[in-house]
Amino acid sequence: MHMLALAYQKGIGVATNADKAAEWFRRAEEKGVVSSDALFAMGNNFFGGLGGQERDPLKAFQLWRAAADKGHGTAAYNMAHFYYRGLAAIGLPEDYHQSYRWSLRAVQYGESDGAYFAGLCCEMGHGAVADHLLAIQWYMHCLQGNGEDHLKIRCMIGLGRCYYKGGSHDGVQMDAKGRHGGLPPDYTKAAYWWRRAIDAGPAPEAYNLLGDLHAAGHGVPRSLEKAAELWAKAAEQGKGENVSPEGRTAGEAAAEGLRMMKGRPGRERIEMAAAALALAALLLAVVAYFTIKYREMAAETWFSKQTASPDP
């Protein structure tokens, strides 16, 4: 019965039919055959209101939790996701320690996508000690798996952030004696991973962060025009979508950068002109100073000659 339910759920040998899948899962449950797959599938039905079930996020969460306890990798990933983000529909608050715990179990159960939340926890110091080198390893594990494409993009962005920050976390340098070993920032690698994310797209946060690099000239040629172009793309792609671990949208971050640029076209040329003018003013001041001194010395010499001359 359980296998028949899976066949209808996944379309194996028969046409996909969520209602029939739910029916056979219920029959299997009645007979005491409740596998982790069955629990997970029932959780999906309750969460999405499928298979004749009324939508019930709490019941879905409970079923997924039961499936995860039985070793279901995707259910364990769901636990990591909901504990990291919280689930307002059931009043579940964020719990980074639980998220990190479930992300590790998801990887243990063969769900490579769980490595994304493991990496995020290590990168941000959420529920785990901040460790960018370990975060890089988790992100790479997720990238090399057969998981969801959107999570691979998130991993590329996370890799860029880790290389950008190097051995510092929240602006504080990590202990050079620890595993980081004083890891320096690598802006070139950061730019590489953000470009990879953009190519895989959509990736509004990557556009925004790459724009920041161009604005500062870190690892890429400094160009405020290029930065403005990238920020504009981030603002367009990231409207209303929370994409950063801090909860700020790429659109909001990019709009902030664009506001700084507004009304300041050709800023690089203006800055160069300002520097040239400052240098010219300094040179004029030096010339004026020595001109005055020369005249004072000449006057003193003339006065000395006059006073030294005998009266006629």
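Worth saying up front: this structure is predicted, and the values here are computed from it rather than measured. (Residues numbered from 1 in each chain as written. Predicted model: local features only at pLDDT ≥ 70, side-chain atom pairs only at ≥ 80, totals over all residues. Heavy atoms only, no water.)

1. A few points about the overall build of the chain
Step number 1: Counting secondary structure elements, the chain contains 14 helices and 2 strands.
Step number 2: Counting only residues that meet the buried cut, the chain has 42% of its 312 residues in that class.
Step number 3: A total accessible area of about 17200 Å² is found for the chain, and carbon and sulfur atoms account for 57% of it. (Helix = DSSP H or I, 4+ residues; strand = E, 2+ residues; numbered from the N terminus. Buried < 20%, exposed > 50% of the residue type's maximum accessible area, 1.4 Å probe, protein only. Areas by Shrake-Rupley, 256 points an atom, 1.4 Å probe, with all protein chains shown as cover.)

2. Comments concerning the packing of aromatic side chains
Step number 1: All told, the structure shown has 13 aromatic pairs when counted by the stated rule.
Step number 2: Ring geometry for Tyr116 and Tyr139: centres 6.1 Å apart, planes at 35 degrees, overall tilted. With Tyr116 in helix α7 (residues 114-124) and Tyr139 in helix α8 (residues 132-143), the pair connects residues that are 23 residues apart, well separated along the chain. Of the two residues, Tyr116 and Tyr139, both sit in the buried class.
Step number 3: Note on Tyr164 and Trp194: the rings are 6.1 Å apart at their centroids and 40 degrees apart in plane angle, and the pair reads as tilted. Here Tyr164, found in helix α9 (residues 149-165), pairs with Trp194, found in helix α10 (residues 187-200); they are 30 residues apart in sequence, far enough to count as distant.
Step number 4: Taking the relative accessible area as the measure of exposure, Tyr164 reaches 34% and is therefore partly exposed.
Step number 5: Under the relative-accessibility criterion, Trp194 is labelled buried at 2%.
Step number 6: Three or more aromatic residues joined by ring pairs make a cluster, and in this case those are Tyr77, Tyr84, Tyr96, Tyr116, Phe117 and Tyr139.
Step number 7: Directly above the aromatic system of Phe47 lies the positively charged group of Arg55, at a separation of 4.9 Å from the ring centroid. (Phe/Tyr/Trp six-rings, centres within 6.5 Å; stacked < 30°, edge-to-face > 60°. Lys NZ or Arg CZ within 6 Å of the ring centre and 35° of its normal.)

3. A closer look at the confidence of the model for the chain
Step number 1: Averaged over every residue, the pLDDT of the chain is 81; residues scoring 70 or more account for 70%.
Step number 2: Across the chain, helix α6 (residues 96-108) holds the top mean pLDDT of 98, while helix α13 (residues 250-261) sits lowest at 54. (pLDDT = per-residue confidence, 0-100.)

4. Describing the packing of helix α4 (residues 57-69) against helix α5 (residues 73-85)
Step number 1: Running from amino to carboxyl end, α4 crosses α5 at an angle of 125 degrees, the nearest separation of the two axes being 7 Å. Relative to α5, the element α4 lies oblique. The way α4 lies across α5 gives a crossing that is left-handed. Contacts from Phe61, Trp64, Arg65, Ala67 and Ala68 in α4 reach Ala75, Ala76, Asn78, Met79, Phe82 and Tyr83 in α5. (Axes fitted to C-alpha atoms, helices over the stretch in contact; angles between N-to-C directions. Parallel < 35°, antiparallel > 145°, perpendicular 65-115°, else oblique. Left-handed = near helix turned anticlockwise from the far one by under 90°. Contact = heavy atoms within 4.5 Å.)

5. Remarks on the packing of α9 against helix α11 (residues 204-216)
Step number 1: Axis separation between α9 and α11 bottoms out at 10 Å; the angle between their running directions is 25 degrees. The angle between the axes of α9 and α11 places the two elements in the roughly parallel class. Regarding α9 and α11, the two cross each other, and that crossing is left-handed. Note on element contacts: α11 touches α9 through Glu205, Ala206, Leu209 and Leu213, opposite Arg154, Ile157, Arg161 and Tyr164.
Step number 2: Classifying every residue of the contact of α9 with α11 gives 5 nonpolar, no polar and 3 charged. (Nonpolar A, V, L, I, M, F, W, Y, C, P; charged D, E, K, R; others polar.)

6. Describing unusual backbone geometry
Step number 1: Backbone torsion omega between Gly201 and Pro202 reads -5 degrees, so that peptide bond is classified as cis.
Step number 2: Mapped onto the elements, Pro202 comes out in the loop between α10 and α11.

7. Quick notes on the state of the cysteines
Step number 1: Evaluation of the coordinates by the stated rule reveals 0 disulfides.
Step number 2: Cysteine Cys122 shares no disulfide, and the gap to the nearest cysteine sulfur, in Cys121, comes to 6.9 Å.
Step number 3: Considering cysteine sulfurs only, Cys142 is the nearest to Cys155, which forms no disulfide, with 3.4 Å between them.
Step number 4: Residue Cys155 is classed as buried on the basis of its relative accessible area of 0%. (Disulfide = S-S within 2.5 Å.)

8. Looking at the nonpolar core
Soluble globular proteins tend to bury their nonpolar side chains together.
Step number 1: Residues Tyr116, Tyr139 and Ile157 are the most contacted members of the largest nonpolar core, which totals 61 residues.
Step number 2: Once residues lying within four places of it in the same chain are set aside, the contact partners of Tyr139 are Ala115, Tyr116, Gly119, Leu120, Glu123, Cys155, Gly158, Leu159, Arg161 and Cys162. (Core = buried A, V, L, I, M, F, W, Y, C linked by side-chain atoms within 4.5 Å.)

9. Focus on the pattern of salt bridges
Step number 1: Counted according to the given criterion, the structure contains 7 salt bridges.
Step number 2: With a closest N to O distance of 3.6 Å, Arg65 and Asp69 form a salt bridge. One end of the pair is Arg65 and the other is Asp69, both in helix α4 and 4 residues apart, which spans about a single turn.
Step number 3: For Arg65, a relative accessible area of 27% puts it in the partly exposed group.
Step number 4: For Asp69, a relative accessible area of 43% gives the class partly exposed.
Step number 5: A salt bridge links Glu205 to Arg161, with the shortest nitrogen-to-oxygen separation between them at 3.3 Å. With a gap of 44 residues between them, Glu205 in helix α11 and Arg161 in helix α9 connect regions that are remote in the sequence.
Step number 6: Residue classification places Arg161 among the buried residues on the basis of a relative accessible area of 8%.
Step number 7: It is possible to trace a salt-bridge network through shared partners that takes in Glu123, Arg154, Arg161, Lys165 and Glu205. (Salt bridge = Lys/Arg side-chain N within 4 Å of Asp/Glu carboxyl O.)

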